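# Structural description and commentary
If you want the building blocks of each chain, they are given just below.
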Amino acid sequence: MASNNSIATLNLPSGWEYAFNSEGRIYYIDHNTKTTTYSPPPFLFSPPSSPSLSSVSSLEVSNLKIEEKSNGTSSPSLKANVLSFTLNGKKQSVENPDPNMNLNEYIRTRAGLTGTKKTCGEGGCGVCTVVVQKVDPTSGKLASHSINSCLKPLCSLEGTQILTTEGLGSQKKGFHPIQERIADFNGSQCGHCTPGWVMNMYDLLENNPNPTPKNVEDHFDGNLCRCTGYRPILDAFQSFAKTITPSSPSTSSCTAFGLELKDIEEWKAPSNSNYTHKSLFSPSSCTNDCNNCSHAHSCGEKANELVFESNGKKWIKANTLKQAIDAVRQATTSGQSYRLIVGNTSTGIYKDQKGDVLIDLSDNKELAVSRMEPGLMTFGGAVTISNMIQFLQTYCDLPTVPAYQKDNFLSVIKHLKYIANVQVRNGASWVGNMVLANNYPFPSDLCTVLMAMDSRLNILDIPSNTQKSFDVESFLKLNLYGKIIKGLGIPMFQTGERFISYKQALRHENSHALVNAAFRIRIDDSGVIQYIRIVYGGVLDKAARAIQAENWLKGKNITTFSNFQSALKIIQSELKPVPTVNGMESYRSSLVLSFFYKFWLSMQPSLPPSLQSAAGTLQRPISKGSKTYKDDPKEYPVSKAIPKVDAKLQASGEAKYTDDFPTPKSTLYASLVLSTIANADLGTIDASEALKSEGVVTFFSAKDIDQTKNQCGPADLTDEQVFASNKITYSGQPVGVIIADTQRHADDAAKKVKVTYLNGQTPILTLDEAIAQKKWLGPGGDKVKSGDADGALKTAHKVIKGSVSCGAQMHFHMEPHAVVCEPDEEGQMKVSGSLQYAKATQKIIAHVLGKPLKDVQVSTRRLGGSYGSKITRNIQSFCAVAFASQQLDLPVKMFMDFNTTLETSGRRNPFRADYQVGLDANGKLVAIKMDVYADGGGKMDGGNGVLFLALNCIDNCYYCPNVELTPYFCMTNNPPSTSMRGPGWVPAIFMIESIMEDIAQEVGVDGDLFRSNNFYVKGQTTPYGQNLKYFSMNEMWSQVLASSDYQKRKAAVETFNQANRWVKKGISLVPCKFGLGLAGDPQGALLDVLQDGSIVISHSGVEMGQGINTKVCQTAAMALGVDMKNIRIVDSSTLTVPGAEATGGSTTSELCCDAVKRACDELKKRLEPIQKIMGKDGNDWQKLIQKATSAGIDLQSKGWVNYAASPLGPWTYNSYSVAALEVELDVLTGNYQILRVDILFDCGISLNPAVDFGQIEGAFMQGIGYATSESLIIDKTGRLISNGTWEYKVPSHLDIPCDLRVSLLDNAPNPVGILSSKATGEPPLALGCSVIIALKRAIKAARKQVGNNNRFDLNAPCTVDKVRFHTCRSKPIFPPIKTVSSEFFSSLYCLMS
């Protein structure tokens, strides 16, 4: 029994107490009348001061009698035309708000605050995160939460306060500690995602000023980062936690850069003790005078219905249930389509949802409440998923809750947190999730859980004025038109009941279920099943019960293995997976069985040790990391760990990207119209409907452009067209462009253009198909040949043959393609865009416009990521925008829709290698013969250079005297493949490492020993003529073996695998030799010293997160002996530094540093005579410049570099690295996690360790994604299905290693590098293949245990279904069944054969 004072969250009347009976049912004691009752008194389940419980309230959700008039006084409807809310403390009044406009569009285009970014528009990336505060409609208390502004309708914001990163801090008013720490920890690279991370962290601190490390780790499932690899972001935010995650010896787990440190180990991470959170929202000071209230927020007492009408859409804010009923009745009576909205998050997935009338229930007092009922928990129809979770958590935290209730509801909470992400759960209602399950084949986790819980939904049927209660199965069959889901009842658990659930997805968080399952069971003391519910989602079109299995199991004993076998067969017959876009029917079928097996194991009274790990799921600890390096103070500021110069500006949103710059009022907006099928002729294009759409100005297609200028191929102008005129080669090929007054209007209209096709043929969509049909895009290039491979194969002791392949990878840069084209008064076209290759962009646009190069000026400030996509694949769309601008003589801007970016912008080349490898009797390589195929897509793009790169590094670290490599450049009907971080290199290293592992398995030797036995030795020459004068892999290999304690851990993995049947571990050690060339890549820098001594530098490189501007600043500061604060980097432009090559290939930072150093050296030569005359005063930079200015010295200098070919071979130098990686694998599901990674990287003398660590960690995680989760889905017409965050899964922050340790090789200056450095941008990505080698070894252990030692291929991407597939390729085993233990030790394979 507990008193009212014991639980702050139960506001009971004076004299009341509460308790729970033996069945967990809550009852109340009224000491005033000395009675007990199950009927609750009027209390609020809502704390006023606990931010984490901010919107949990109570209401009875039952027995509404619907009448034409309300029982009390009806609140008047108010048809308004002004929307009021505050934005960063400033009141916003919006007349006639557009119901189609979202908050993100308003913030960026109307309020002019561009710190809040936009990427996916789906609620899947988090870059648009803002924090909203409003009055909870039931408690009257202020509550704040983070949301995705891209999904939040503007009209729903009445009475709210909005906070963006600009509201936290700025350069002018001072940065907020969150902004400072993410910058100091180097948690911002390209910076496009950074404001979203900042705001979600602010949300956590606003609601929980003293978070634990786990609170921090769990809060960011809605934020993606493509650059950093997440480790520095988590380190920064863990510094706000009450306790810091334990660090590895001698290094800090939370490491900030930029402080006055001699060495990284000397600095201790700041703790929460020096941060006190202060809310930046306006405080509440209620006057209880609603009619004269001056606050932007509403206390909820006003029940006025707000109505906004614009552009044929009506928005009704229904603050009472009666208003909602009236609105639905009016819409249904008039035959209008309508949508009931709480969070609007469903539009992120299903974007075609229509509604003439939009009815907002987000502040509906009667529907936004939760309550304890006798035997039930009830939730109103507008309760958000986050508030549902919080209500359940609050209940579980009550001290008198029976253990079985608490344990079961904690299991429910755990599963509900798998739904989407924090920002979506904060906005989305449970009803919205259930409606998706009703309307679509949506694998709802909530629906599966509620069905298993035997929940019931109370639904109002407006036309018939009735209310009915439906179970979940019946609900899924309902037509919901004319209905309002009023509430939900979840039965409490009874004594002896258990609730267990599972989910498998492509990624560990923010990923829809491939299959989910939930089980509710009650057994008696003897193990007999009294009640059971078995529910699966993601198997059929909708969640479904295994009713036949349930009926059969009732009365059966849970400990009898034959009962399990029989039930499993019944479930198999009941639940046969329907086809889905991902084509994983076999895998989903296996998950049905695996989940049931796990459930059955978990219900056993005891299990043998070998099976105990199988009953649950993989448990992830709070992640940690360390960084180890030594710098060289003699070279400061070069070699010093300094945060990126613009990192704080990125965190505060002040750093500008292409879409952030203000444009003239006359600016129009462009949106591409794309083909929707591949391999056909273009028929007709009908833009008539689009041209009638709101805001549309015109439409351009191939008929509007001179065909001799309709050419934009990067390698060959004639290879691609700006607008397709006849042949449609691939889906996503541009056929036209819509021009409108806003970007949204242009995007909406583009979807209305109707395109027909003729003579459609079956497209070639895979590399295997292209090889089989011998479809070549062009010549593959020269062979690489040394020795006599054929002869050596004939005499080899053993020959191994096979094939290995790796798929495509999307760039998934957080900033989509963006450009502004503006003609000036002299006819020049100024092009400002998100691009990597100004020279090519200028040349091709000039051709399309028919202008000389002098009349096309191309510039860029920074990119929000690229990874190669913006070298060439941006040019086609830029040409379309420039053409439209020229035709209209007006500025035209395009911020490409994210889905369009992925559909049209190419991807990494898929590769396949068919090989023959010969070994001698000692296990040494004697011959390699390989056919190497690359998928170029439907167009040439940059040509076959990717095959040159692959063939000139596919040897990796292994010597073989006889090699023959033949390249083939294949054509498919996919968008043109293009450069993707480490093009050619990364697939090649993956393929050779897979081959080496296969050979080791085939001949029965240790894979690590086989690798090291075949390493080059210093001074040997590669098959392509590279002399390895500085080969250092042998030493690095030995160092990692020791530092990672590899052999001891390898033995521990073997011991673990022998002791565990269904969970296995694997550990791998992978080397990387990555060739980098400086030749043929001219770069330049222009340096201007102003009369006060400050310096302005324009260089040819493009800042895209790799820290090039910071390294250039450091180099100039070192060369001139000035403070970095005196230096400013300006836009890269063809006007200041023309003629340079693309920023890419990892080496541009080095080259630009060299160029600026040469510019500094030239300037110093000019200043030297004056400096000598001045004596000691000549060492004062400011005085020196003043004197030089008076003397008329030219203070502008230029540096230019263009290296000759290296005498060592095609590469100037090699980068070396090693990764030791350990994984843990759930054999039953294919799910796995990376436990630990140790990376040793040779970057010479790092120009900036802070930047280089970020590059290493970020590239490595891109490599992990390439090897595992990043799988493309393409339908049979060639259309990309995985064109957004819903189906394409880059790694998230819970996919990173639990323990990541990165070290820079000590005392390793690069004798042929610039300032003794080596590049870091691309080589670490190749180490990502280490995860596949480790998984292969874990799978091998699982197969070995059932007698299967056969070799198997594990190609990339190795998604969970492929892992599961290979673990099951074994012979069934039927050991004797004598006891429960031996029964369950029986292999599940025998049941799945």
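Residues numbered from 1 in each chain as written. Predicted model: local features only at pLDDT ≥ 70, side-chain atom pairs only at ≥ 80, totals over all residues. Heavy atoms only, no water.

Attention now goes to the sheet that holds strand S42 (residues 1095-1099). In space, the four strands of this open sheet follow the order S43-S42-S41-S45, with mixed pairing throughout. The open sheet has two edge strands, strand S43 (1127-1129) and strand S45 (1196-1201), and neither has a second partner. Strand-to-strand twist of the sheet, defined as the mean angle between neighbouring strand axes without regard to direction, takes the value 20°. Strand direction decides the pairing type here: S42 and S43, joined by three bridges, are parallel. Along S43, the bridge assignment pairs Ile1097 with Ile1129. Across the sheet, helix H33 (residues 1148-1174) lies against strand S41 (1083-1089), S42 and S45, angled at about 140° from S45, the strand it touches most. (Pairing = 2+ DSSP bridges. Helix = DSSP H or I, 4+ residues; strand = E, 2+ residues; numbered from the N terminus. Axes fitted to C-alpha atoms, helices over the stretch in contact; angles between N-to-C directions. Contact = heavy atoms within 4.5 Å.)

Okay, the sheet that holds strand S8 (residues 142-148) next. If you walk across this open sheet you meet the five strands as S6-S5-S9-S7-S8, and the pairing is mixed. Every interior strand has two partners, whereas the edge strands, strand S6 (90-95) and S8, have only one. In this sheet, adjacent strand axes meet at a mean angle of 30° when their direction is disregarded. In this structure, strand S5 (residues 82-87) lies alongside strand S9 (residues 161-163), joined through two bridges in parallel fashion. Across the sheet, residue Leu87 finds its bridge partner in S9, namely Ile162.

In this section: empty space enclosed by the protein. Per the stated rule, a full pass over the model turns up twelve cavities of 30 Å³ or more. Of the voids in this model, the largest cavity is the one considered here, and its volume is about 190 Å³. Every residue lining the largest cavity is counted, 21 residues in all, and those nearest its centre are Leu506, His508, Tyr1232, Thr1268 and Asp1295. Elements that contribute at least two residues to the lining of the largest cavity include exactly strand S19 (497-505), strand S47 (1232-1241) and helix H35 (1249-1267). In this structure, the second largest cavity occupies an estimated 120 Å³ of space. Forming the boundary of the second largest cavity are 16 residues, of which Ala838, Lys839, Ser1100, Val1137 and Ala1140 lie nearest the centre. (1 Å grid on protein atoms, 1.4 Å probe; cavity = no way out; pocket = protein on both sides within 12 Å on 5 of 7 lines; lining within 4 Å. Points joined across faces, edges and corners; volume = space filled by probe spheres on them.)

Take the pairing of strand S46 (residues 1213-1226) next. Burial within S46 is extensive, with 14 of its 14 residues counted as buried. Every second residue of S46 is oriented toward a common face, with Tyr1213, Ser1215, Ser1217, Ala1219, Leu1221, Val1223 and Leu1225 on one face and Asn1214, Tyr1216, Val1218, Ala1220, Glu1222, Glu1224 and Asp1226 on the other, all of them buried. When strand S40 (residues 1063-1076) meets S46, the two strands line up antiparallel, connected through 14 bridges. Bridge pairing in S46 links Lys1064 to Leu1225. (Buried < 20%, exposed > 50% of the residue type's maximum accessible area, 1.4 Å probe, protein only.)

With that settled, consider the packing of helix H15 (residues 561-574) against helix H16 (residues 585-602). The interhelical angle for the contact between H15 and H16, taken along N-to-C directions, is 150°, at an axis separation of 10 Å. The angle between H15 and H16 places the two elements in the roughly antiparallel class. As H15 packs across H16, the resulting crossing turns out to be right-handed. In contact with Asn563, Phe564, Ala567, Leu568, Ile571 and Gln572 of H15, H16 contributes Val592, Leu593, Phe596, Tyr597 and Trp600. Looking at the contact of H15 with H16 residue by residue, the class counts come to nine nonpolar, two polar and no charged. (Parallel < 35°, antiparallel > 145°, perpendicular 65-115°, else oblique. Left-handed = near helix turned anticlockwise from the far one by under 90°. Nonpolar A, V, L, I, M, F, W, Y, C, P; charged D, E, K, R; others polar.)

Within this structure, the stated rule accounts for 41 aromatic pairs. Through a chain of ring-to-ring contacts, three or more aromatic side chains come together here, namely Tyr502, Phe519, Tyr536, Phe561, Phe564, Phe595, Phe596, Tyr597, Phe599, Trp600 and Trp1062. We note Lys556 situated over the ring of Trp552; from NZ or CZ to the ring centre the distance is 4.3 Å. Its end group placed over the ring of Phe1056, Lys1065 keeps NZ or CZ at 4.5 Å from the ring centre. (Phe/Tyr/Trp six-rings, centres within 6.5 Å; stacked < 30°, edge-to-face > 60°. Lys NZ or Arg CZ within 6 Å of the ring centre and 35° of its normal.)

Glancing now at the pattern of salt bridges. Going through the model one piece at a time under the given rule, you end up with 63 salt bridges. The partner of Lys483 in a salt bridge is Asp461, with the nearest N and O atoms 3.3 Å apart. Note that Lys483 is positioned in strand S18 (residues 483-491) and Asp461 in strand S16 (residues 456-461), a separation of 22 residues in sequence. Exposure class is identical for Lys483 and Asp461. Each is buried. Of the charged contacts in the structure, one is a salt bridge between Glu1162 and Arg1166, with a shortest N-O distance of 3.4 Å. In this pair, Glu1162 and Arg1166 are both assigned in helix H33, four residues apart and thus about one turn of the helix distant. Residue Arg1166 is classed as partly exposed on the basis of its relative accessible area of 24%. Because the salt bridges share partners, they merge into one network encompassing Glu993, Glu997, Asp1006, Asp1008, Arg1011, Lys1050 and Arg1337. (Salt bridge = Lys/Arg side-chain N within 4 Å of Asp/Glu carboxyl O.)

To continue, consider the environment of Ser626. Note on placement: Ser626 falls in strand S23 (residues 624-628). Residues Ser626 and Pro232 lie 394 residues apart in sequence; the distance between their C-alpha atoms is 10.0 Å.

With an omega of 5°, the peptide bond running from Tyr636 to Pro637 counts as cis. Topologically, Pro637 is positioned in the loop between S23 and helix H18 (647-652). Of note, the bond from Ala1356 into Pro1357 is cis; its omega dihedral lies within 30 degrees of zero at 0°. For Lys774, which is not a glycine, the phi torsion comes out positive at approximately 55°. Tracing the sequence through the fold places Lys774 in the loop between helix H21 (767-773) and strand S30 (776-778). Given the relative accessible area of 62%, Lys774 is considered exposed. The phi torsion at Asp941 lies on the positive side, around 50°, for a residue other than glycine. Its location among the elements puts Asp941 in the loop between strand S38 (925-935) and helix H27 (945-951).

It is worth spelling out the nonpolar core at this point. Of all hydrophobic cores here, the largest spans 198 residues; its most connected members are Phe237, Ile534, Tyr536, Phe596, Leu925 and Ile1239. In terms of residue count, the dominant contributor to this core is helix H28 (residues 985-1003) (eleven residues). Filtering out sequence-adjacent residues up to four positions away, Ile1239 remains in contact with Val1218, Ala1219, Ile1256, Phe1260, Leu1300, Arg1301, Val1302, Ser1303 and Leu1327. Counting 49 residues, the second-largest nonpolar core is a separate cluster that includes Val383, Ile413, Met451 and Leu457. (Core = buried A, V, L, I, M, F, W, Y, C linked by side-chain atoms within 4.5 Å.)

Before going further, it helps to spend a moment on the state of the cysteines. Using the criterion set out here, one finds zero disulfides in the structure. Residue Cys125 stays outside any disulfide, its sulfur separated by 3.6 Å from that of Cys120, the closest cysteine. Here Cys190 is not cross-linked by a disulfide; its sulfur's nearest cysteine counterpart is in Cys227, at 3.6 Å. (Disulfide = S-S within 2.5 Å.)

Let's shift gears to the confidence of the model for the protein chain. The share of residues in the protein chain with pLDDT of 70 or more is 89%, and the mean pLDDT across the chain is 91. Counted against residues more than four places away or in other chains, residues 1-11, with its pLDDT under 50, gives 31 contacts. Taken as a whole, residues 245-269 scores under 50 in pLDDT and shows 66 contacts with residues more than four places along the chain or in a different chain. (pLDDT = per-residue confidence, 0-100.)

This brings us to the environment of Thr347. Looking at where Thr347 falls in the secondary structure, it is placed in the loop between strand S12 (338-341) and strand S13 (357-360). In sequence terms Thr347 and Gly121 are 226 residues apart; their C-alpha atoms lie 9.1 Å from each other. The residues touching Thr347, leaving out its near neighbours within four places in the chain, are Leu151, Arg339 and Gln353. A distance of 2.7 Å separates a polar atom in the side chain of Thr347 from the backbone oxygen of Asn344. (Polar contact = N/O pair within 3.5 Å; in protein donor to acceptor, adjacent residues only side chain to side chain.)

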